[in-house]
Amino acid sequence: MDTRVPVTIVAGFLGSGKTTLINTLLQGDHGLNITVLVNDFGAVNIDADLILKREREVMELSNGCVCCSIQSDMVAQLQALFRSGNSPEYLLIEASGVSQPGRIASVFGYPQLRNYARLDAVVTLLDVKNTDVLSNNCQQLVQAQIEAADIAVLTKTDLVQPQQVADFRARWLFPNLPAFEASIGQVPVQFLLDTGRHDPENAVLPQSRPAAGFRSQIWSAQEPFSYASFKSALGSLPNSVFRSKGVLFCADFPETRIVFQKVGSRIEFHKDGLWRGAPETRLVAIGEDGLAQDGFLQTHMEQFLAAHPHP
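Please read all numbers here as calculations on a predicted model, not as lab measurements.

1. A closer look at the packing of aromatic side chains
1) Next: As enumerated under the stated definition, the model contains ten aromatic pairs in all.
2) Next: Considering the side-chain rings of phenylalanine 225 and phenylalanine 230, the 5.9 Å spacing of their centres and the 80 degrees angle between planes classify their relative orientation as edge-to-face.
3) Next: The buried category is assigned to phenylalanine 230, whose relative accessible area is 0%.
4) Next: Taken together, a centroid distance of 5.3 Å and an interplanar angle of 35 degrees make the contact between phenylalanine 260 and phenylalanine 269 tilted.

Below, the structure is given as structure tokens:
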């Protein structure tokens, strides 16, 4: 009997729905005590803050891509976890949206980890609505994420016509890759956890690093601003900001966190319960070369909000 900790890597391009899927798994009726390791691309780990915290802890790896610059940090953190005497029952790793999951999967063959954990599967989420309009660099990264996948989950299928889903499958997926369609992260647990689908002998290790062109910027503020001002400022972010997310401190709802999400041209706001700690607006913006200008996000937000600091 294999007593090593099973591990599932949840990968997928920026905004594909990884955090939503993980939160759905954490709330599932499966009896597993799950620990989550979250890698966000940026100095502020927004995704870790949006993961539901239950019995087990949520660990964070920020300010870099875990498959490239901070891979050694992940190995050291996992090794410490497995040797702590409080080893998880099941481990989920949420890769950053610009990660190549094949590189993350490879670390479970390292001597520091292979006696403690086994990689059960790489689950790659694919945004059916937005993938086809990405740049060539982004699409190369999506292709690498698919090549590393043991299971694919098609997301935002409720936002497109059935024929578009069928065309997406034909254009992007390998015929033998199991693929499930998810609406708001709803996929039966048995399709994703403890599947035994990963085969290290046939795993693909990508050679290229197509994520090299991505950049991130952060902005934070302790004072509240009006909800209308936030909507105006965030709705006017340029197309070079492909992905942005964060929590907002709104003067209109001072007791409640407002979560902001931007994927491509689509933006969403929703209430997320009471603040955990002192209220503070924290935003991350991720894009390609259009974010090369230092301080762009800070300048954009502060100029927009200066005229309407309070309702």
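There's more to say after this.
2. Quick look at the pattern of salt bridges
1) Next: By the definition in use, this model includes ten salt bridges.
2) Next: Residues aspartate 132 and arginine 171 are paired through a salt bridge, measuring 2.5 Å at the closest nitrogen-oxygen approach. One end of the pair, aspartate 132, is in the loop between β5 (117-127) and α5 (136-147); the other, arginine 171, is in helix α6 (residues 162-172), and 39 residues separate them in sequence.
3) Next: By relative accessible area, aspartate 132 is classed as partly exposed at 31%.
4) Next: Arginine 171 sits in the partly exposed class, given a relative accessible area of 49%.
5) Next: Note that arginine 276 is salt-bridged to aspartate 272, the shortest N-O span being 3.9 Å.
6) Next: Given a relative accessible area of 24%, aspartate 272 falls into the partly exposed group.
7) Next: One network of salt bridges, in which partners are shared, links Arg118, Asp120 and Asp194.

3. Side note on the sheet that holds strand β11 (residues 266-274)
1) Next: One open sheet accounts for five strands, arranged β8-β12-β9-β10-β11; its pairing is antiparallel. Single-partner strands in this sheet number two, and they are β8 (215-221) and β11. Along the sheet, successive strands turn relative to each other by an average axial angle of 10 degrees, direction set aside.
2) Next: As paired strands, strand β9 (residues 241-248) and strand β12 (residues 281-287) are joined by six bridges and run antiparallel to one another. Within β12, the residue paired with glycine 246 across the bridge is leucine 283.
3) Next: The strands that helix α7 (residues 227-235) touches are β8, β9, β10 (256-263), β11 and β12; relative to β11, the one it contacts most, it runs at about 145 degrees.
4) Next: Along the sheet, helix α8 (residues 296-306) makes contact with β8, β9 and β12, crossing β8 at roughly 35 degrees.

4. Looking at the pairing of strand β4 (residues 90-94)
1) Next: Counting buried residues along β4, five of its five residues qualify, which places the element largely inside the surrounding structure.
2) Next: Here β4 shows no split at all, with Tyr90, Leu92 and Glu94 on one side and Leu91 and Ile93 on the other all buried.
3) Next: Inspection of the sheet shows strand β1 (residues 5-12) paired to β4 by four bridges, in the parallel sense. Of the residues in β4, the one forming a bridge with valine 10 is glutamate 94.
4) Next: Of the pairings in the sheet, the one linking strand β2 (residues 34-39) to β4 comprises five bridges and is parallel in character. From the neighbouring strand, threonine 35 faces β4, where its bridge partner is leucine 91.

5. A look at the packing of α7 against α8
1) Next: The interhelical angle for the contact between α7 and α8, taken along N-to-C directions, is 140 degrees, at an axis separation of 9 Å. Considering their axes alone, α7 and α8 lie oblique with respect to each other. Two packed elements cross with a definite hand, and for α7 against α8 that hand is right-handed. Contacts between α7 and α8 involve Ser229, Phe230, Ser232, Ala233 and Leu234 from the first element and His300, Met301, Phe304 and Leu305 from the second.
2) Next: Residue composition of the contact of α7 with α8, grouped by class: six nonpolar, three polar and no charged.

6. Side note on α8
1) Next: Residues of α8 that are buried include every one of Phe296, Leu297, His300, Met301 and Leu305, and no others. Seen along its axis, α8 keeps its buried residues to an arc of 140 degrees; they face one direction. Set apart from the buried face of α8 by more than 90 degrees, the exposed residues are Gln303 and Ala306.
2) Next: Structurally, α8 contributes buried residues whose contacts are with β8, α7, β9 and β12.

Quick notes on the rules
- Residue indices follow the written sequence of each chain, beginning from 1 at its first position.
- pLDDT decides what is reported in this predicted model: residues at 70 or higher carry local features, side-chain atom pairs at 80 or more are listed and counted, and totals for whole chains, interfaces and linings draw on all residues regardless.
- The side-chain quantities take in all heavy atoms of the structure and omit both hydrogens and water.
- The pairing test for Phe, Tyr and Trp rings, Trp by its six-membered ring, is centres within 6.5 Å, and the orientation test on the planes gives stacked under 30 degrees, edge-to-face over 60, and tilted for anything in between.
- Working definition: with a 1.4 Å probe on protein chains only, accessible area under 20% of the residue-type maximum means buried, over 50% means exposed, and in between means partly exposed.
- Within this document, salt bridges are pairs made up of a side-chain nitrogen of Lys or Arg and a carboxyl oxygen of Asp or Glu, the two lying within 4 Å of each other.
- Helix numbers and strand numbers start at the N terminus; a helix is a DSSP run of H or I with at least 4 residues, a strand a run of E with at least 2.
- The criterion for strand pairing is that DSSP finds at least two bridges linking the strands in question.
- The axes are straight lines fitted to the C-alpha atoms, using for helices just the contacting stretch, and the angles between their N-to-C directions are given from 0 to 180°.
- We call two residues in contact whenever any of their non-hydrogen atoms come within 4.5 Å of each other.
- For classification, angles of less than 35 degrees are called roughly parallel, those exceeding 145 degrees roughly antiparallel, those between 65 and 115 degrees roughly perpendicular, and all remaining angles oblique.
- Note on convention: the crossing is left-handed when the near helix lies turned anticlockwise from the far helix by less than a right angle, right-handed when the turn is clockwise.
- In this count, Pro and Cys sit with the nonpolar residues alongside Ala, Val, Leu, Ile, Met, Phe, Trp and Tyr, while Asp, Glu, Lys and Arg are called charged and the others, Gly among them, polar.
- In this description, the arc belongs to the directions extending from the helix axis to the C-beta atoms.

By themselves, these observations are geometric and do not establish any function.
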